[in-house]
Amino acid sequence: PYTTLFRSRNLTTCQATNLDPLQNTRITMPLVLQYHEIRGLAAPVRMMLKYAGLPYENKFADDWFTTERAEVRKTNALANLPSLFEEDGTVTTQSCAVNFVVGEMTKLNGGSPAERSRVDQISCQVMDLRDSAANRVFYAPRTSTTFERHAANVMSHYTKIEATMRRWGYRSEEHTSELQSHV
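These numbers were taken from a predicted model, which means no experiment stands behind them. (Residues numbered from 1 in each chain as written. Predicted model: local features only at pLDDT ≥ 70, side-chain atom pairs only at ≥ 80, totals over all residues. Heavy atoms only, no water.)

## Here we look at the packing of helix α1 (residues 43–52) against helix α3 (residues 95–105)
Contact geometry of α1 with α3 gives a least axis separation of 9 Å together with a crossing angle of 5°. Comparing their axes, α3 and α1 come out roughly parallel. On α3, the residues touching P44, V45, M48 and L49 of α1 are V98, N99, V102 and G103. Its residues assigned to classes, the contact of α1 with α3 shows six nonpolar, two polar and no charged. (Axes fitted to C-alpha atoms, helices over the stretch in contact; angles between N-to-C directions. Helix = DSSP H or I, 4+ residues; strand = E, 2+ residues; numbered from the N terminus. Parallel < 35°, antiparallel > 145°, perpendicular 65-115°, else oblique. Contact = heavy atoms within 4.5 Å. Nonpolar A, V, L, I, M, F, W, Y, C, P; charged D, E, K, R; others polar.)

## Thoughts on the environment of A43
As for its position among the elements, A43 is in helix α1. Classification of A43 as buried rests on a relative accessible area of 13%. (Buried < 20%, exposed > 50% of the residue type's maximum accessible area, 1.4 Å probe, protein only.)

## Here we look at the pattern of salt bridges
Counting across every chain of the model gives five salt bridges. Here R130 and D131 are joined by a salt bridge, their closest N and O atoms 3.0 Å apart. On the basis of relative accessible area, R130 is assigned to the partly exposed category, the value being 38%. (Salt bridge = Lys/Arg side-chain N within 4 Å of Asp/Glu carboxyl O.)

## Quick notes on the confidence of the model for the chain
Chain-level pLDDT for the chain is 79 on average; 77% of the residues reach the 70-or-more range. Contacts from residues 1–27, a stretch scored under 50 in pLDDT, to residues over four places away or in other chains number 52 contacts. (pLDDT = per-residue confidence, 0-100.)

## Description of the packing of α3 against helix α4 (residues 113–138)
Axes are the key here: two packed helices are described by the angle between their axes and the distance separating the axes. Packing of α3 against α4 leaves a shortest axis separation of 12 Å and a crossing angle of 150°. In terms of their interaxial angle, α3 and α4 are classed as roughly antiparallel. As α3 runs across α4, the sense of the crossing is right-handed. From α3, S95, C96, F100 and E104 reach across to α4, where they touch R116, D120 and M127. When the residues that make up the contact of α3 with α4 are grouped by side-chain class, the tally is three nonpolar, one polar and three charged. (Left-handed = near helix turned anticlockwise from the far one by under 90°.)

## Digging into a nonpolar patch on the surface
Judged by side-chain polarity, V137, F138 and Y139 come together as a nonpolar surface patch covering roughly 370 Å² of accessible area. In this fold, V137 is placed in helix α4. Looking at V137, the relative accessible area reads 33%, which means it is partly exposed. (Patch = residues over 30% accessible without salt bridge, like charges linked within 9 Å, V, L, I, M, F, W, Y side chains within 5 Å. Areas by Shrake-Rupley, 256 points an atom, 1.4 Å probe, with all protein chains shown as cover.)

## Side note on the nonpolar core
Among the nonpolar cores identified, the biggest contains 23 residues, and L33, V45, L49, V72, L84, V98 and V102 are the most heavily contacted of them. Every element with two or more residues in this core is listed here: β4 (31–35), α1, α2 (64–73), β6 (83–86) and α3. A per-element tally of this core places β4 first, with four residues. With sequence-adjacent residues up to four places away left out, V98 is seen in contact with L33, V45, P82, L84, T92 and T93. (Core = buried A, V, L, I, M, F, W, Y, C linked by side-chain atoms within 4.5 Å.)

## Points about the side chain of S83
As for its position among the elements, S83 is in strand β6. Within the structure, S83 has its side chain in polar contact with the backbone oxygen of N80 (distance 2.6 Å). Apart from the residues within four sequence positions on either side, S83 is in contact with V32, L33, Q34, W64, V72, T92 and T93. (Polar contact = N/O pair within 3.5 Å; in protein donor to acceptor, adjacent residues only side chain to side chain.)

## A short note on the side chain of Q34
Topologically, Q34 is positioned in strand β4. Q34 gets classed as buried once you look at its relative accessible area, which sits at 0%. Not counting chain neighbours up to four residues away, the residues in contact with Q34 comprise K59, F60, A61, W64, E68, V72, L81, P82, S83 and F85.

## Remarks on α3
What α3 keeps buried is the set S95, V98, N99, V101, V102 and G103. Backbone geometry just after α3 places K107 at a positive phi near 60°.

Right under this line is the structure:
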């Protein structure tokens, strides 16, 4: 259903055989992940998909503000990036929601409600860290203490994450989860 959105000049694929060179359009894949041509908020999703070995198309949002956003709005009024398109027509937008959906698909969200809660808590804390860091890096006035304040801010988030994970008895070598994709 999204063939009109995807032209070979605009996408990269995990498997080169997914393109029909005569038609210059995509051949149906189970998942399409759309985001800007940067790592950004789609990086954790790409890592989870790669780790789980799920094939997907990595669609760059070249024309997001002119045509692509309007097309996505037809199926999901939120129309934000990253956007995840599933074979059944489901469109999920917003980075946290996409992370959760892919975490469920890849079985990386934890095996019990308690584990899922832990993944969610750390994922939300990492998003707080990301948002805070982005605000300080891109929007805070530059002064002689900018770097020191930014470093202290980042360390306060890392300290909370580390203390929480230690309290839970978490050892990174023993677990693989969505939260590792974030951290």
